[in-house]
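Geometric and topological summary
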Amino acid sequence: MSIWTKRHVTVVVSGGIASYKALVLIRSLMKQGAVVRVAMTTHAAKFITPLTFQTLTQQPVVIDEFTTTDPHHVVHVALADWTEVMILVPATANLIAKVANGLADDAATTTILATTAPKFVVPAMNSHMYVNPATQRNLKQLTTDGLHVLTPATGMLAEGYSGQGRLPEPAVILAWLTDQLIQLTPDLPLAGRRVVVTAGGTREALDPVRFITNRSSGKMGYAVAQVARELGATVTLISATTHLAAPSGVKVVTVDSAQSLLTAVSDIFDDTDILVMAAAVSDYRPAELADQKIKKPADHADLTLRLTETPDILKTLAARKHQQYVIGFAAETQSLLANANRKLTSKKLDLIVANDVSKPGVGFNGDTNQVTLLRPEQQPVTTELTTKTAIAKQILMTAIADGAGTQA
Ligand code: CTP
């Protein structure tokens, strides 16, 4: 399930070289579960044929208002009433000017005027047309009228020179649309909740070029952050990993060592409703940090590292716990439930996610996981082996069922 599942989305395509990118966006929306229909201008049909959109969406394309032979069917109103989300992509200067002035002189503009659904505008045009005061005035009018407008990207234009006016990449458009839609959906289960997620393995420096870390990829924490956002929460992701793409709409704070992770979580803890400690925090760090690269001893003798314990973040924060619902993780290779239960109690957690990382497909690095959810005085719940996204959803739905973040 995503926020797009079964949504009726109408994509209005106007004519520009960027029209082809609408195809990629439509495919991505459909992959997310949206049902997409297309209305297009006659100029758009000079760039991409209606048949391409029709084949892709498996829905009729609205382009000419006067083609219907059904006397009971007003094409633009039927599509306008069906629409739950309307996206104008690419929106040319001409289409923007018409919409800003309420003009309705073809199927596309009539459908836009006739729908009450939220409208998202993704402009794309020549940079001089974009900065023209008339276009800027029209865009301002769209915002005043409650339409949501994405700022175009800067880069190489079809004209062969660089400027602002490029259609952002479809993945960027989808991320923006998803985030806008979440903000417009107040009845999501985590709306108004502040969720903090930690992810990745901390790095404990030994000298300027070396550090101690672990096999954590950060994928589980990133999945929790993304799903929490999709469920409507305001999400801060405190990440000890840098190689994963930030989930859209999520604030990312980058950290390094266990100590920097503690500082970052501690700073935000009082304003947190749900804390998900998915980070694999190093239990030890080198006792001394060498300020120069450590050299091999001349006699090639063994080297001994002295390690000192890092702070236990969850235990440190347990003393300051008020409204926070705190979720920990336990990655174990033996005595899974006994070890996890001990951590549930000693760290004063509301929920612990236990995974047996010795099993294939479970835990570190992969895209799948299988976990057991343990809560004080409740029966353990073991999930199937499934995607980390599905596991993230199960964890958060369990927390929501417990009233997470609503405690006084
Ligand atoms: N954790 C923490 N601070 C630490 C170590 C771990 O807050 N210094 C958190 C982890 O983020 C995780 C939970 O505690 O949510 C359990 O982590 P784990 O490494 O499994 O447990 P430890 O308490 O370190 O116990 P051990 O390594 O001995 O199994």
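Residue positions are counted from 1 within each chain, in the order its sequence is given. Given that the model is predicted, a residue must reach a pLDDT of at least 70 before its local features are reported, and side-chain atom pairs must reach 80 or more before they are shown or counted; all residues, however, enter totals for whole chains, interfaces and linings. As a rule here, side-chain values come from all non-hydrogen atoms in the structure, and water together with hydrogens is ignored.

**Notes on the packing of aromatic side chains**
Pairs were defined over the aromatic rings of Phe, Tyr and Trp, the Trp ring being its six-membered one, requiring ring centres within 6.5 Å. Orientation was assigned from the angle between planes: stacked under 30 degrees, edge-to-face over 60, tilted for the rest. A complete count under the given rule lists one aromatic pair for this structure. An angle of 90° between the planes, with centres 5.9 Å apart, marks the rings of Phe120 and Trp176 as edge-to-face. Highlighted residues: Phe120 in strand S4 (residues 119–123) and Trp176 in helix H9 (residues 170–183), separated in sequence by 56 residues. Buried means the residue's accessible area, taken with a 1.4 Å probe over protein chains only, is under 20% of the maximum for its type, while exposed means over 50%, and partly exposed covers the values in between. Look at Trp176 and you get buried, because its relative accessible area is 15%. Put simply, a charge is over a ring when the Lys NZ or the Arg CZ is close to the ring centre, within 6 Å, and near the line of the ring normal, within 35 degrees. Between the NZ or CZ atom of Arg37 and the centre of the ring of Trp82, over which it lies, the distance is 4.4 Å. Put simply, DSSP marks the helices as runs of H or I at least four residues long and the strands as runs of E at least two long, and each gets a number from the N terminus on.

**What to know about the domain arrangement of the protein chain**
Looking at the protein chain, the domain boundaries give domain 1 (8–183) and domain 2 (194–286 + 307–401). How far each domain reaches was decided by an automatic or database domain assignment. Just the C-alpha atoms count here: the centres of domain 1 and domain 2 sit 40 Å apart. Listed by partner, the interface residues are four residues for domain 1 and five residues for domain 2. As a working definition, buried area equals the accessible area (1.4 Å probe) given up by two parts on being put together, with both sides summed. The largest contributions to the domain 1 side of the interface with domain 2 come from Ala175, Asp179 and Ile182, which together make up 82% of the buried area. Basic side-chain nitrogens of Lys or Arg form a salt bridge, by our definition, when they fall within 4 Å of a carboxyl oxygen of Asp or Glu. Put simply, domain 1 and domain 2 have one salt bridge between them. The residue Arg229 makes a salt bridge to Asp179 at a minimum N-O spacing of 2.8 Å. Residue contacts follow a heavy-atom distance rule, with two residues in contact if any of their heavy atoms lie within 4.5 Å.

**Thoughts on the sheet that holds strand S3 (residues 85–91)**
One requirement defines pairing of two strands: DSSP has to find at least two bridges between them. As summarised here, the arrangement of the five strands in space is S2-S1-S3-S4-S5, forming an open sheet in which the pairing is parallel. Edge positions in the open sheet fall to strand S2 (35–40) and strand S5 (148–149), since each of these has one partner strand only. In this structure, S3 lies alongside S4, joined through four bridges in parallel fashion. From the neighbouring strand, Ile87 faces S4, where its bridge partner is Phe120. Across the face of the sheet, helix H3 (residues 50–57) comes into contact with strand S1 (8–13) and S2 while running at roughly 170° to S2. Between N-to-C directions, angles cover 0 to 180 degrees, with each direction set by a line fitted to C-alpha atoms, over the stretch in contact for helices.

**Concerning the site of the ligand**
Here a residue is near a molecule or strand as soon as one of its heavy atoms is found within 4 Å of it. Near the ligand lie 15 residues; those nearest to it are Met277, Ala279, Asp283, Lys343 and Lys347. Throughout this description, a polar contact denotes any pair of N or O atoms lying within 3.5 Å of each other; where both atoms belong to protein, one of them has to be capable of donating a hydrogen while the other can accept it, and for residues adjacent in sequence the pair is counted only when both atoms sit in side chains. For the ligand, an oxygen atom lies 2.8 Å from a polar atom in the backbone of Met277. Ala279 is positioned such that a nitrogen or oxygen atom in its backbone is 2.8 Å from an oxygen atom of the ligand. Here the ligand loses 77% of its free accessible area of 570 Å² to cover by the protein chains. Taken together, the elements giving at least two residues each to the shell around the ligand come down to helix H12 (313–318) and strand S16 (325–332). In terms of residues, the shell around the ligand owes the most to one element, S16, which gives four residues. As a working rule, the residues Ala, Val, Leu, Ile, Met, Phe, Trp, Tyr, Cys and Pro are called nonpolar, Asp, Glu, Lys and Arg charged, and the rest polar, with Gly in that last group. Classifying every residue of the shell around the ligand gives nine nonpolar, two polar and four charged. Only the protein chains shown count as cover for residues, with accessible areas throughout obtained via the Shrake-Rupley method and a probe of 1.4 Å.

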